[in-house]
Each structure stands twice: as C-alpha cells, then as structure tokens.
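Next come the chains, spelled out residue by residue.
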Amino acid sequence: MELKDTDLLSRDQFGESFKWGVSTAAYQIEGGHDADEKGLSVWDVFTAKNGSIANGHNANMACDFYNRYPQDIALVKELNIPNLRFSLSWPRILPDGTGKINQKGIDFYNSVIDSCLENGIEPWLTLYHWDLPHELELKGGWTNRDIISWFAEYTEVCAKNFGDRVKHWMVMNEPMVFTGAGYFLGLHAPGKKGLPNFLPAAHHAILSMAEGGRVLRSLLPNAEIGTTFSCSYIEPYTASPKDFAAAKRADALLNRLFIEPVLGLGYPREDLPVLKKLHKYIKPGDEELMKFDFDFIGVQNYTREIVKHSIFVPYLNAVLVKAQNRKVPLTAMGWEVFPPSIYHMLKKYGAYEGIKKIYITENGAAFPDQPVNGEVKDDDRIKYIHDHLKQVLNAKNEGVNVQGYFVWTLLDNFEWAEGYHPRFGLVHVDFDTQQRLIKASGHWYRSFLQG
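First things first, this report covers the structure right here in the doc. (Residues numbered from 1 in each chain as written. Predicted model: local features only at pLDDT ≥ 70, side-chain atom pairs only at ≥ 80, totals over all residues. Heavy atoms only, no water.)

Bringing the pairing of strand E6 (residues 296-309) into the picture now. Within E6, 12 of the 14 residues are buried, which leaves the element mostly enclosed by the surrounding structure. Note that strand E5 (residues 224-236) and E6 share 10 bridges and pair parallel. Among the inter-strand pairings, Ser230 is bridged to a residue of E6, identified as Gln300. Here E6 pairs with strand E8 (residues 358-362) via four bridges, running parallel. (Buried < 20%, exposed > 50% of the residue type's maximum accessible area, 1.4 Å probe, protein only. Helix = DSSP H or I, 4+ residues; strand = E, 2+ residues; numbered from the N terminus. Pairing = 2+ DSSP bridges.)

What follows deals with unusual backbone geometry. Residue Pro190 is reached from Ala189 by a cis peptide bond, and omega for that bond is 5 degrees. Relative to the helices and strands, Pro190 resides in the loop between helix H8 (175-183) and helix H9 (195-219). Put simply, Trp408 and Thr409 share a cis peptide bond, and its omega is 10 degrees. Here Thr409 shows up in the loop between strand E9 (402-408) and strand E10 (427-430). Of note in the backbone geometry, Asp64 takes a positive phi value of approximately 55 degrees without being a glycine. One can find Asp64 in the loop between helix H2 (42-47) and helix H3 (65-78). We classify Asp64 as buried; its relative accessible area is 8%. Phi at Gln434 takes a positive value of approximately 65 degrees, unusual for a residue other than glycine. For Gln434, a relative accessible area of 5% translates into the label buried.

This next bit is on the pattern of salt bridges. With the rule as written, the count across this model stands at 33 salt bridges. For Asp293, the salt bridge is made with Lys356, and the minimal N-O distance between the two is 3.1 Å. Of the two residues, Asp293 sits in the loop between helix H12 (286-289) and E6 while Lys356 sits in the loop between helix H13 (340-350) and E8, which places them 63 residues apart along the sequence. Among the residues examined, Asp293 registers a relative accessible area of 41% and is labelled partly exposed. Note that Lys439 and Asp412 form a salt bridge whose closest N and O atoms lie 2.7 Å from each other. Taken as a pair, Lys439 in the loop between strand E11 (435-438) and helix H15 (440-450) and Asp412 in the loop between E9 and E10 lie far apart in primary sequence, 27 residues in all. In this structure, Lys439 and Asp412 share a single accessibility class: buried. One network of salt bridges, with partners in common, ties together Asp369, Asp378, Arg381, Asp412, Arg423 and Lys439. (Salt bridge = Lys/Arg side-chain N within 4 Å of Asp/Glu carboxyl O.)

Right, let's get into helix H7 (residues 147-162). A rise of 1.5 Å per residue sets the reference length of H7, with its 16 residues, at 22 Å; its end C-alpha atoms lie 22 Å apart and thus fit the reference within 8%. Buried within H7 we find Ile147, Ile148, Trp150, Phe151, Ala152, Tyr154, Thr155, Val157, Cys158, Ala159 and Phe162. Of the surrounding secondary structure, the elements contacted by the buried residues of H7 are helix H4 (90-93), helix H5 (103-118), strand E3 (122-128), helix H6 (134-137), strand E4 (168-173) and H9. (Expected span 1.5 Å × (residues − 1). Contact = heavy atoms within 4.5 Å.)

This is how it looks when you write it as structure tokens:
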C-alpha cells in the first residue's frame, strides 16, 4: 500500500530503545486441547456448549501452534519482529489448577522460549490470558477468594521454571474483559451472569493480579513485571448532562475499575455507585493487598465508545451507541476505526502518578481477509496500524512514557465467542490445511521494522 509522503512514519522516530513486537494468546492459537496430559480449561468446556460460540467453533485445533511453533517462530523472525508476547496455559502446566505439575507442559513452554531465544526473539510471557483450569471453576473460579493462593502457586511454578530466561512478564490480560464477559454478561467462559458473580470475580482478580506481581518480584528481582488493561476512549453521545454522567460511569467501569486499586487509589465508587456493593467481599487489609508497584502497564486499545444515558440498563444507566448505527468506518468486529482513541488513552493513563512506563501490548484490527492469487491485500489493516502508530508517536512526543508497541496478532486465530470469522493476523491461516500466508500488512510491518 502506498502512503502519502506526508504520512510516512519511520521506526527511528520512536527511538532506539522502543520495543516492537507482536502478541498472541495460548488458547487462541495452541490447539492440543487434550494433548500430553493437559487439563480442561473453562474455554474447553464453554465451547462445547451448543450456541456459545459463533458457527459452533472451538479451539481444539486452532492454529496448531502446539505442534507448529518452530514454523511460527521462524515467521516472527522472517518478519523482523524482535519481541514475541505469548501466554501460558494454566491447565497445561497445572492440569488441576493446583498440585501436580505436568512436566510435558513445562517442556513445551521451555521449547517455545528456547526457540525464541535461538532465533534472536525476546519472549514476553503473560501468565493469565483467560484459560482458567476447569477444576478451579468447579470450586467457584474467580468468585472464590481461594483463587488468590491458587494463582500465587501457579505464578511461582512459572517463575521457577521460566524465569532464568524470560525477562518480561505480564501477570494478567484484560481483567475487565474476563470478569465482565465471563462473570457478568455470560458471553465468555465460564458463562456466568449477574452482579453477585461479577463483583467478587473482579475483586479477587485485582487481589490476584497484585499477589502475582509480588510473587514474581520475590523470585525474579531483575525481571520487568507488568500487567495489561483493556481500555476505550469514551465520549458522551450528546452534550446533555445525563449523557455526560453516563459516559463518566462507563469510563469508571471500563477504564478505571482495575487500574486504580492497583495504584493504591481504591475503587472509583463515587463515579460508579454500584461498586459500593463490593463491601461484602472486601476484607480488612485488602486496600493494601490490591496495590502493586508494576514496572509497566500494558495498554490494549482498539476503538472508542460513544455512550448515552439509559434508564433500561441496571446499575450503569448507560448504553453504548453501536458503531454500526453511527455511519463510521468499521472493522469486522463491528468496532469503529478511530485512531485518536489510543492517543487519548495513553494521555489518560500516562497522567497517573504511579505508572512508570507504558507498552501498547495489543492493537490491531480484523478485516474480511481473503487470499487472491496467493496474496492477501489487507490495505485497511496497514492503514489502521500506521494511523494508530502516528497517534502513539504524538503521545510519546508530548511526554507520555510509552516505550513499546505490540501488534495484535501474529496469526489469524480463534477469536473467542466470534469463532474463526474475524481475522486479526499479520499472517493468514487456512484452518482446513493450517497453511500460513504472510499478508500485505505483515510485509509492511517487516519493512517498517527494517527501517
């Protein structure tokens, strides 16, 4: 794709120390759902239920990364990408969630880490990207306060087995999403609904996130330890006071609920009164235990949201105005293409005193990619990434300490409740043959990273 000269960006503009990478997640690419003594995850169980996933898809095979990781890591190298973010499957390492360690799972991740390093690629590990062991869900999962000690045990196993080679760690991926979609809306695994599930799940996730950070720091004092947050720039639909108030509540829920307790600011109860119901689950000392001094936070931004007041939505009294109804450019997920969103979120999070450093740990887009004559011409994705990078650079030049950018994602993969339809990858995957084909966006990113 030809971009105008005035639009052209170069890697050099971001500085020599800026980290460039690509992100993936275990459940979305690995497959091998029952290979080598792996335990069941909540997603294995959830996808087996009729009607839970678009087109009845599951990730039992996904991209078969479990068997094809040498080929896929070679692709990362071919694309000049120096950093690979991937997650560990908790039930592959601890099939029952706690107790017996599955050495075959440890061996697999050791092989992936070693393969990255042999190819000159720095591995960045995410401990938890949503695939909770089913055995722990049977005990209440994130609604059970015992999960704090379960998660600490899992973190310790990972640190002791991989910490000699892995220098960059992310404790959790998007706690708002796995608690909100999984324990309030029921759209994601484990499919629970309602406030009595969401509130304890959210509180225990925050406590576990901080505890995971403490475990990593005690065992790996020289590691760089962070965690990631989903976020969306939120604007009111009209200038009315009711819409402004609705947008403020939505912002408190989607952008502040998890990050502020970790920073020692507590819950944003004043702007989201329903959070006062958390008192049932908060024990003495929790305000302190929710805090952890992370070395960085990962910002994961894809779009903005427009919000208006609604009397029909309980607790929030706010509703998102769908992008499809606003006559704006859309991705295959139905999300608005709005690059300034990432700038605004960098400015917002960069203003928090307790945040030392920010990496963009996910940003990308799904479009209806189809190979034609052995090529995938995904010009929309090239423009999306380019335009978002411009916004990242703007924020950086204005003093936000943003130090890296990871594209979501390497391969077309299993996109949770949407199944295989939305394609986010820089590399096209034919899920019938497992054939890989680098898209035009992958070639563009490679050229950009060459400088």
